[in-house]
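Coordinate analysis (summary)
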Amino acid sequence: MHDFIYKNSELYAEEVPVREIAEKVGTPLYIYSHKTLLKHYNAFDEAFDGYPHIICFALKANSNLALLKLLAREGSGSDVVSGGELFLALKAGIPAKKIVYAGVGKTKEEIIYALKSRILMFNVESPDELMTIDKIAGELGVKAPIALRVNPDISASTHPYISTGLKKHKFGIPINKALEYYSLASKLNNVKILGIHKHIGSQITKVSPFVEALKKVLVLAQDLKSQGIEIKYLDIGGGLGISYDEEVAPHPKSLARAIIPLVSSHNFTLIIEPGRSIAGNAGILITKVLYLKKHLKKEFVIVDAGMNDLIRPSLYEAYHHILPVTRKNRPKVIADVVGPICESGDFFAKGRKMGRPRHDELLAIMSAGAYGFSMSSNYNSRTRAAEVLVKGKDFSVIRERETYKDLIKGEKIPAFLK
Ligand SMILES: *Cc1c(COP(=O)(O)O)cnc(C)c1O
């Protein structure tokens, strides 16, 4: 649940009217709630209380430093998938010993950086990568802590682009090859086997795929044990869904209740890597209505945010509630809510029934805290939005809106054009 609610007819972020923030900071604008973030992090932490665990927030959902700092203070670790994310996690004060590193394409430079930073472990996605990590660790004279990411061939029943746990996906190693590759790893001089990792997808709204996948992983852990390979960390990945529309996502407690009994007789430390379920409903995107337009019978509401700010509707046909920042009694209209970008895929909603907005009216695109800003771009040479964190009655800009100057940062004109 979140803390963006109406008081009278005004939408508030905690105790601050959204309108007030938008007037001060401009639009498009991301607003996050401190309270919601804490609540979501603690829901996980408390759910797994009683079993050793580390919550490793998945940075790719939202990597704003202020948000990371807030989570770091609560004791959060992080799941990173690039050197850049590792940099941000460390910068925010997340202890290296709580950082796990996944991703199918880690570069040599990234591996060196992670080894030197002494992260908790690499979640290794192929035997090729395993050999590379072993070699680099050897050159540095260290032992690389690793888990193998296994692909349990479980359908997460989610959008194909955010499903990762089937045989056909590029992620992890097939679970039926896992014994072979663990055995290989155990013979390498410069790696230390610490765990098993799996992550089957995102926006999963049932507990059962987690349970099915874990059961397969536990069989593997048992087989490894009989070969003398002890697993300390069982990393069950992230992927718990949130409610964007009507879907009801399980509470972390339900996940924990299903999972803990399966591991209670073992001495693992569980690692959980939630991203969306912590940040998703803790953020909204505020946009201003620019124009209303009618093509024959079709109506368009043209707003000042675009797919460069929030790409989820374009990329996954994702649904986001769109609410007026000030509720008014208006005749209803069925409209497409679209951005200014020169692409037909630039939309936030199609055929949406809503109160007919007026020029300059503010709209809130809900559930935009995860995979919102972090997937944003400068397409159409648009400056990226500002980000604000609200805490109680206060709010702070946690990322300035980009300026035109930022658009050419790092660009150079070659001498022959001067
Ligand atoms: C994306 C990702 C996550 C987070 O997924 P959510 O659906 O946001 O919880 C966790 N672990 C790995 C390895 C990921 O790639």
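The following refers to the structure shown.

Parameters and conventions
Residues numbered from 1 in each chain as written. Predicted model: local features only at pLDDT ≥ 70, side-chain atom pairs only at ≥ 80, totals over all residues. Heavy atoms only, no water. 1 Å grid on protein atoms, 1.4 Å probe; cavity = no way out; pocket = protein on both sides within 12 Å on 5 of 7 lines; lining within 4 Å. Points joined across faces, edges and corners; volume = space filled by probe spheres on them. Nonpolar A, V, L, I, M, F, W, Y, C, P; charged D, E, K, R; others polar. Domains from an automatic or database assignment. Helix = DSSP H or I, 4+ residues; strand = E, 2+ residues; numbered from the N terminus. Near = heavy atom within 4 Å. Polar contact = N/O pair within 3.5 Å; in protein donor to acceptor, adjacent residues only side chain to side chain. Areas by Shrake-Rupley, 256 points an atom, 1.4 Å probe, with all protein chains shown as cover. Sits in = over half its atoms within 2 Å of the grid points.

**A short note on the layout of surface pockets**
Taking a probe equal in size to a water molecule and rolling it over the atoms shows the remaining empty space. The volume enclosed by the largest pocket comes to roughly 610 Å³. What lines the largest pocket is a set of 28 residues, and nearest its centre among them are Lys-60, Thr-164, Phe-171, His-199 and Tyr-371. Classifying every residue of the lining of the largest pocket gives 11 nonpolar, 11 polar and 6 charged. Looking at the lining of the largest pocket, you find at least three residues from each of domain 1 (4-31 + 280-408) and domain 2 (95-274). In this structure, the second largest pocket spans a volume of roughly 530 Å³. Lining the second largest pocket are 27 residues; nearest its centre among them are Met-1, His-40, Ile-242, Ser-243 and Asn-281. Put simply, the parts of the chain that give the lining of the second largest pocket at least two residues each are α2 (34-47), α10 (276-279) and β14 (283-295). Broken down by element, the lining of the second largest pocket gets its largest block of residues, 4 residues, from α2. Taken together, the residues of the lining of the second largest pocket break down into 14 nonpolar, 10 polar and 3 charged.

**Digging into empty space enclosed by the protein**
This structure, assessed with the given rule, holds 1 cavity of 30 Å³ or more. Space inside the largest cavity adds up to approximately 30 Å³. In terms of lining residues, the largest cavity is bounded by Phe-44, Phe-210, Gly-237, Gly-238, Gly-239, Leu-240, Leu-255, Ile-272 and Pro-274. Classifying every residue of the lining of the largest cavity by side-chain character gives 6 nonpolar, 3 polar and no charged.

**What about the site of the ligand?**
Taken together, 14 residues are adjacent to the ligand, and Lys-60, Ser-202, Glu-273, Arg-276 and Tyr-371 come closest. Between Lys-60 and the ligand, the recorded distance is 2.7 Å, taken from a side-chain N or O atom to an oxygen atom. In the complex, the protein chains occlude 95% of the 390 Å² of accessible area that the ligand would expose alone. Mapping the ligand onto the cavity grids shows that it belongs to the largest pocket. A per-class count over the shell around the ligand returns 4 nonpolar, 6 polar and 4 charged.

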